Amino acid sequence: MPATRQPLTEKGVEHDPIAQFARWYGEAQAAVKPLPDAVALATATPAGHPSLRMVLLKDFDAHGFVFYTNYRSRKGRELARNARASLLFYWGGLERQVRVDGPVSRVMAHDSDGYFATRARGSQLSAWASSQSMVVAGRAALERRFAAAARKYPDAVPRPPHWGGYRLVPEAIEFWQGREDRLHDRILYRRVRGGWRIERLAP
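Residues numbered from 1 in each chain as written. Predicted model: local features only at pLDDT ≥ 70, side-chain atom pairs only at ≥ 80, totals over all residues. Heavy atoms only, no water.

A. Examining the pairing of strand β9 (residues 185-192) more closely. Of the pairings in the sheet, the one linking strand β8 (residues 172-177) to β9 comprises 6 bridges and is antiparallel in character. Opposite Gln-177, over in β9, you have Asp-185 as the bridge partner. Bridge analysis of β9 against strand β10 (residues 195-200) gives 6 bridges, and the strand direction is antiparallel. Counterpart to Ile-187 in the pairing with β10 is Arg-200. Where β9 hands over to β10, the hairpin turn is made up of 2 residues, of which Gly-194 adopts a positive phi near 90°. (Pairing = 2+ DSSP bridges. Helix = DSSP H or I, 4+ residues; strand = E, 2+ residues; numbered from the N terminus.)

Shown next, in the form of structure tokens:
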């Protein structure tokens, strides 16, 4: 049996979904090039109109999954009014997907400051230059704003107040493993009082 189609069983997975994700994420980092940390983020308006985009996972632990963005972007505006989202990791070479559903909140400002300080200077300046998701007159306008930010901050670049992190706290995490004849393995962890319930879903 190909290594990418190893069975995924209720007894074979970790009791904690974060531990199971850590195992799969480590295998994806070793096998998937580039960007094993790329993840689709789905948000929606209060009326239920969805939107989807790719972001990068920057941290995860028992408290949730962290990504960073402009708070004024479309996703930021939607999360401000409907603070729930879904993440979907897809690692095609391993025939694996992981879906994470739950509420979303901003991370602490000092966490956003700490991560922002690690970013390349150009990325820091772009956070000031780009009014993400807003209509712009053209690329030249963006480049002028970038140049203006570079002049304003010739040394250290502070984090813009409208830029920072979000944490999705999982209420449900599904692990999907491709199998032959489309009889795929789907293991769902659902948060219950005192821990997690593990269930198998039909493919």
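B. A look at the side chain of Asp-185. Along the chain, the position of Asp-185 falls in strand β9. A distance of 2.7 Å separates polar atoms of two side chains, one belonging to Asp-185 and the other to Arg-179. At 2.9 Å, the side chain of Asp-185 and the side chain of Arg-200 are in polar contact. Apart from residues lying up to four places away in sequence, Asp-185 is in contact with Pro-7, Leu-8, Phe-175, Trp-176, Gln-177, Arg-179 and Arg-200. (Polar contact = N/O pair within 3.5 Å; in protein donor to acceptor, adjacent residues only side chain to side chain. Contact = heavy atoms within 4.5 Å.)

C. Quick look at the nonpolar core. Membership of the largest hydrophobic core comes to 30 residues, with the highest contact counts inside it found for Phe-21, Phe-65, Phe-89, Trp-91, Val-98, Val-100 and Phe-175. Mapped onto this core, the elements with two or more residues apiece are α1 (17-31), β1 (38-44), β4 (64-70), β5 (84-91), β6 (96-106), β7 (163-168), β8 and β9. The dominant element in this core, judged by the number of residues it contributes, is α1, at 5 residues. If you look at the next biggest cluster of nonpolar residues, it comprises 11 residues, including Tyr-68, Val-107, Leu-125 and Ala-127. (Core = buried A, V, L, I, M, F, W, Y, C linked by side-chain atoms within 4.5 Å. Buried < 20%, exposed > 50% of the residue type's maximum accessible area, 1.4 Å probe, protein only.)

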